[in-house]
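Below, each chain spelled out in residue letters.
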Amino acid sequence: MTALVLLEIENGAVRQASRSAVAAAGAFGTVDVLVLGHGAEAAARLPGVTRVLHAEALSDALAEPAAALLADIASGYTHIIGAATATGKNILPRLAGLLDVQPIPDVIAINDADTFIRPIYAGNALATVRSSDSIKVITIRGANFDPVASEGGAATVEAVAFNAASQVNAAELLSVNLSTSERPELESARVVISGGKGLKDAENFKLLEPIADKLGAAIGASRAAVDSGFAPNEMQVGQTGKIVAPELYIAVGLSGAIQHLAGMKDSRVIVAINLDPEAPIFRVADYGLVADLFTVLPELESAL
Amino acid sequence: MKVLVPIKRVVDYNVKVRVSADGSGVDTQGVKMSMNPFDEIAVEEGIRLRESGAAKEVVVVTIGAQAAQDVLRTAMAMGADRAILVKTDETLEPRAVANALKAIIERENPGIVSMGKQAIDDDMNATGQILAAKLGWPQATFASKVTINGERAEVTREIDGGSATYGVPLPAIITADLRLNEPRYASLPNIMKARKKPLETLELSSLNVDTASRLTTISVAEPAERQAGVMLNSVAELVEKLKTEAKVI
Amino acid sequence: MTEIERDEMEFDVVVVGGGPAGLSAAIRLKQISPDLNVCLIEKGSEIGAHIVSGAVIEPRALEELLPDWRQTDAPLRTEVSEEQVLFLTEKRAFPIPGLNLVMPHMTNHGNFVVSLGEVCRWLGEQAEALGVEIYPGFSGAQLHIEDGRVTGIVTGDMGIERDGTHGPNFTPGMILRARQTILTEGARGSLSAHAMKHFNLRDGVEPQTYGLGIKEVWEIPEENHRPGFVQHSFGWPLDDSTYGGAWLYHFGKNLVSYGFVTGLDYKNPHLSPFEEMQRTKNHPAFRPHFEGGKRIIYGARALSEGGVQSLPRLTFPGGVLAGDSAGFVNVPKIKGTHTAMKSGMLAAEAVADALNKNEPQALGLEERLRNSWLWTELHGVRNIRPAFAKWGAKLGALYAGIDSMLLRGRAPWTLHHPHADHETLRPAAKTAPIAYPKPDHKVTFDRVSSVFLSGTNHEENQPIHLKLRDPAKWLPVNHTLYDSPESRYCPAGVYEQEQKSATEWDLRINAQNCVHCKTCDIKDPTQNIEWCTPEGSGGPNYPVGM
Ligand SMILES: Cc1cc2nc3c(=O)[nH]c(=O)nc-3n(C[C@H](O)[C@H](O)[C@H](O)COP(=O)(O)OP(=O)(O)OC[C@H]3O[C@@H](n4cnc5c(N)ncnc54)[C@H](O)[C@@H]3O)c2cc1C
Ligand SMILES: Cc1cc2nc3c(=O)[nH]c(=O)nc-3n(C[C@H](O)[C@H](O)[C@H](O)COP(=O)(O)OP(=O)(O)OC[C@H]3O[C@@H](n4cnc5c(N)ncnc54)[C@H](O)[C@@H]3O)c2cc1C
Ligand SMILES: Cc1cc2nc3c(=O)[nH]c(=O)nc-3n(C[C@H](O)[C@H](O)[C@H](O)COP(=O)(O)OP(=O)(O)OC[C@H]3O[C@@H](n4cnc5c(N)ncnc54)[C@H](O)[C@@H]3O)c2cc1C
Ligand code: SF4
């Protein structure tokens, strides 16, 4: 069995989500990767990768030619894998359409070569599904697979030509507008620090900012904090706010009501800082600190 | 130009789904069903295109049981002109749905297929892309803005870390993201009027397409509850743990 | 605000509220006159979404409305098989012996344990099949009154922003004109209140009194499930002067309906109906039923407890009241479904008659009522609830036994409801605080995690639907005198008193949590809380099973 992983490159490096996909692909035997545009060298250094296929003329920003190329080279593979990112979710289902197979998105666990676990109903249930397709097209949830390291491998690089690109009926990329704000977006941030009513007022809520800056974190809020005017609506995390699943979620002065948990319980690591040892947030936190946030926050800022 | 909007009837957004006791699936017996929220956005976009003069007609289609005509009526109450119910009692995978939609599209010849990026029950986020591939059409997934210039659409898509704008030759598939628009309410007078709009019903089998399943659900389980971790005594300890144990900072 | 232009639509009859009363009325109308065009609106997002009930129901009215219901798929599947009434002390439970003699009103032979929401959904299907136009997701916001006569209703506006301005999706409510309007909003309906006030329907009758019912549905292990098992309790944890008690019914597929009714004439402002219901689950007579189970639904609703003494006049020019909007509940039985249905049917008959004769007011309703079993039934039990209020739980129960067994409900006297529920609270300083146990998160829970299981939501941007008429009153009255009883009686945690500084306190209103039980509208000591109907579809979304 051989798996092919579609890699995403960002600033010359392989994105973490793609490295998680490579880690997951290891379960299926030999791993080849495909790089569109730049970044083949970085890909070649990934541990566990045998071959890097490099299509320099293409870009992962365009699903139509990318899927067409993948379909061209698919026959050598049992599994074609991408990260469950906006890019992966754009390209891989299209590939599945070209191959006439049923894609298996958002895989969080691999039972065997045909059997996968994936969340349904916004993560409220986990389905174990078996695929009867000869080529499995899969996207992988990064948070559930420890990524392979960025360095350590020495794969061969082979150029792949894709001549039919001009014949593909495709959209044309006009412009890219990456958000320039210092702060990452809440839903895609690697670290989120959220504050609740325990921060007492809008002025205090700003105590989260220097810490967020140091961690490169997005800032979230509980509904009580939003309703009390400490933070704008867009920052609300929870059932009626944003759903986030960062690597690290730091909950400061929020009780962890079930409606809040609904928006962050899938975070990889949860830290809770709260005065009340009985606060429900501690029932989901990996690390808890029963302490006054007004002493903890300045300490944390200087410790980072 | 015609806009075709495929819509799906799903367990309502507000319902807390429960995994059935025997682990065979999710209990949907008698629970409230509604139009997939992303599809409401897709319907709204279709109506706006018609209102702006870019499109002439908005047709909604669903593949589902007889009861799925509710959501077609809702879409018509929002402003869609007519509806097609492709009737089946089976639950279809996106591949099968795409095959059925392709047959409808070949009959209706829409200039734009506006659909939801994802259905909130199975969260596949796949039907639009598969359909685009099968038709050989361009796709603009996760759209947050759509404008039409003659034979082309200009679509802003949500990508990781920002957005990107594409020129999309028509016909094309556009899948709606949350920020595309805020769907209107179906007002009571419009709901009343929608009862009189045309709704065509046809059997899925009459389309003669492959709707076989490629996935078998072996079991459905509730996610394991998160366990409480450890209580720490100081900020220094916390930072240490995050660095060395959790390796997240 | 400027006058909004509204669409209009004409019907023969508009029914407001899709509970058992409204649906029965609509069905009856179409049975009598299939040509009438009948429209029913329901504020819940679908029929059944806002229904809370025990629910052991008597099939009597259903038998009359749809005689062949047993041959259909009607969701009355679990017949009562075992029953007991318990008097509780803190640790022990004493079954009431000879139930059918001393408390004949508490016996349930031939009754069914159901999900009333499911029954309503089914009744809704029957009504639609007869041609009733049903519109869920739309609330009746105002009565439409012209020349001293109700000529229909106005549905709520949608898409008004928090600050009262019209948002981009503003959709004005619509006038639903009707020759007759049937108000079946359940307990404490807002249009019903308006009609009673406008037409003085309550002049000369006793105040309505209420109970707050808080309910949970549990799914329990199959081996512990006893389909048709019915248990009621009174006594602990309430003190003798507070009316109330718990129920526990096994029904459906491994489901248990558990709940607790607290009479809203309670006096101690420290009392929390929610915590009373939670702690009762810890009693040895209840706790074993929940072990190994999982709580799946939560909800709450007020019900009328005044009985016939508190029934208003039922008709007014252009309309009628029926069901719990008027107060048709058999209180000692805690049953209001068959009575709501019957009153809806009677209302429909009177309305059809008035339409036929082209009369503005369905005056024949009162006579139809007095000639029906509904009147006999309610009149027979009229003294039991006031006896509990007057003499407390133990003596009240004794009186109930005497009234039922010896006098068979024909006592020559009628006991009264001297006070409305908002008048009964005593100052916090003069009453004993109650120490409630903390939730164990297995069998007992807190409010926020409970509300989660009601599926409650309100579109976020709309104006707050709960307001203080006079905000300045809250601090001296609610906070200082009564220690903020709303923060305890509200079963959804809508009200929280917040300390701003050493001396400053404020009331926080989490209107989004509201499960529409109407308790605050009933119990606020100065009637200072205004409950407006929020945007249609808002509020709880009770699933099947509730
Ligand atoms: C339909 C519905 C939808 C909802 N949606 C959401 C949602 O999307 N997101 C959401 O967050 N909520 C939501 N809620 C509200 C939710 O139920 C809670 O009310 C809310 O999350 C509470 O916010 P909080 O934790 O900030 O406030 P609180 O519960 O008041 O908690 C404040 C916490 O701060 C702690 N604290 C106080 N002072 C200090 C100090 N000096 N140092 C350390 N700790 C301190 C306290 O111990 C307490 O635990 C929703 C509710 C409903 C009914
Ligand atoms: C774990 C799992 C197991 C499954 N097991 C089986 C099985 O054993 N047998 C089986 O037959 N099926 C099975 N299915 C298929 C399943 O029931 C769904 O119908 C299918 O996954 C559709 O996915 P989706 O709706 O999430 O599509 P998405 O791709 O997320 O939907 C995107 C958009 O496509 C459009 N769309 C989707 N469905 C329709 C429709 N019916 N009509 C019109 N437009 C539509 C809408 O615009 C929607 O917004 C399974 C699915 C999953 C996830
Ligand atoms: C906790 C509890 C337990 C009970 N247990 C039992 C029992 O075991 N057996 C029994 O027989 N009875 C029981 N009852 C009583 C019984 O449920 C009620 O008496 C009965 O439901 C009343 O029916 P109704 O149609 O009058 O009102 P409801 O059932 O209250 O229905 C009114 C409907 O109107 C809608 N509505 C209200 N206002 C508007 C508006 N302005 N616009 C649009 N729609 C509106 C509501 O959303 C609701 O759906 C119980 C009640 C409670 C609260
Ligand atoms: S706010 Fe009033 S009506 Fe709403 S749940 Fe609380 S007490 Fe009931």
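Residues numbered from 1 in each chain as written. Chains lettered and ligands numbered in written order. Predicted model: local features only at pLDDT ≥ 70, side-chain atom pairs only at ≥ 80, totals over all residues. Heavy atoms only, no water.

Novice: A description of helix α10 (residues 373-380) of chain C should follow, citing residues and the corresponding values.
Specialist: The complete set of buried residues in α10 of chain C reads Trp373, Leu374, Trp375, Glu377 and Leu378 of chain C. Structurally, α10 of chain C contributes buried residues whose contacts are with α2 (60-65), α8 (337-357) and α9 (364-370) of chain C. (Buried < 20%, exposed > 50% of the residue type's maximum accessible area, 1.4 Å probe, protein only. Helix = DSSP H or I, 4+ residues; strand = E, 2+ residues; numbered from the N terminus. Contact = heavy atoms within 4.5 Å.)

Novice: Could you give me a rundown of the packing of aromatic side chains, with the residues and numbers involved?
Specialist: Residue and element names in this part refer to chain C. All told, the structure shown has 12 aromatic pairs over all chains when counted by the stated rule. Measuring from centroid to centroid gives 4.8 Å for Trp218 and Phe290, while their planes differ by 50 degrees, and the two rings are tilted. In this pair, Trp218 is assigned in strand β14 (residues 210-219) and Phe290 in helix α7 (residues 287-290), connecting sequence segments 72 residues apart. Pairing Trp218 with Phe445 gives two aromatic rings, centres 6.2 Å apart and planes at 45 degrees, and the pair type is tilted. (Phe/Tyr/Trp six-rings, centres within 6.5 Å; stacked < 30°, edge-to-face > 60°.)

Novice: Report on the pairing of strand β5 (residues 82-88) of chain C, specifying residues and quantitative values.
Specialist: All names here are of chain C. In this sheet, strand β15 (residues 229-235) lies alongside β5 in parallel orientation, the contact comprising seven bridges. Paired with Glu82 across the strands is Phe229, a residue of β15. Inspection of the sheet shows β5 paired to strand β6 (residues 93-95) by three bridges, in the antiparallel sense. Among the inter-strand pairings, Leu88 is bridged to a residue of β6, identified as Ala93. A loop of four residues connects β5 with β6, the two strands running antiparallel in sequence. (Pairing = 2+ DSSP bridges.)

Novice: Go over the interface of chain C and chain B with me, naming the residues and quoting the values.
Specialist: Chain C puts 28 residues into the contact, and the matching count from chain B is 18 residues. Summing both partners gives a buried area of about 2,000 Å² for chain C against chain B, and 61% of it is carried by carbon and sulfur. Counting the surface chain C buries against chain B, the share from its top three residues, Tyr135, Phe138 and Asn169 of chain C, is 26%. Here chain C and chain B share two salt bridges between them. (Buried area = accessible area lost by both parts, 1.4 Å probe. Salt bridge = Lys/Arg side-chain N within 4 Å of Asp/Glu carboxyl O.)

Novice: Any chance you could break down the domain arrangement of chain A for me, citing the residues and the numbers?
Specialist: Split into domains, chain A comes out as domain 1 (2-166) and domain 2 (186-303). Taken over C-alpha atoms, the centre of domain 1 of chain A sits 33 Å from the centre of domain 2 of chain A. (Domains from an automatic or database assignment.)

Novice: Mind laying out the UniProt feature "domain: ETF-QO/FixC ubiquinone-binding" (unreviewed entry) in chain C, listing which residues take part and the relevant values?
Specialist: Here, UniProt's "domain: ETF-QO/FixC ubiquinone-binding" (unreviewed entry) annotation points to residues 210-303 of chain C. Between the end C-alpha atoms of residues 210-303 of chain C the distance is 6 Å, and the span holds 13% helix and 47% strand. (UniProt positions renumbered as here; feature names shortened; annotations may be inferred.)

Novice: Which residues make up the interface of chain A and chain B, and what are the values?
Specialist: Between chain A and chain B, the contact holds 78 residues from the first and 76 residues from the second. Here chain A and chain B share an interface that buries about 6,000 Å² over both sides, 54% of which is from carbon and sulfur atoms. The largest contributions to the chain A side of the interface with chain B come from Gln102, Tyr121 and Tyr287 of chain A, which together make up 13% of the buried area. Linking chain A to chain B there are eight salt bridges. A salt bridge links Arg152 of chain B to Glu172 of chain A; the shortest N-O distance between them is 2.9 Å. Counting across the interface, chain A meets chain B through 43 residue pairs in polar contact (both at pLDDT 80 or more). It is helix α4 (residues 86-99) of chain A that provides the largest number of residues to the side of chain A that touches chain B, a total of eight residues. Its residues assigned to classes, the side of chain A that touches chain B shows 39 nonpolar, 18 polar and 21 charged. Of the strand pairs in this sheet, strand β13 (residues 172-178) of chain A and strand β9 (residues 162-169) of chain B are connected by six bridges, and their pairing is antiparallel. (Polar contact = N/O pair within 3.5 Å; in protein donor to acceptor, adjacent residues only side chain to side chain. Nonpolar A, V, L, I, M, F, W, Y, C, P; charged D, E, K, R; others polar.)

Novice: Can you explain the site of ligand 2? Please cite residues and give values.
Specialist: All names here are of chain B. As a matter of local geometry, ligand 2 sits amid 31 residues, with Lys8, Asp39, Thr91, Leu92 and Thr217 nearest to it. Between ligand 2 and Ala119 there is a distance of 2.8 Å, counted from an oxygen atom to a backbone nitrogen or oxygen. Here an oxygen atom of ligand 2 sits 2.8 Å away from a polar atom, N or O, in the main chain of Asn125. Burial of ligand 2 by the protein amounts to 91% of the accessible area it has alone, namely 950 Å². (Near = heavy atom within 4 Å. Areas by Shrake-Rupley, 256 points an atom, 1.4 Å probe, with all protein chains shown as cover.)

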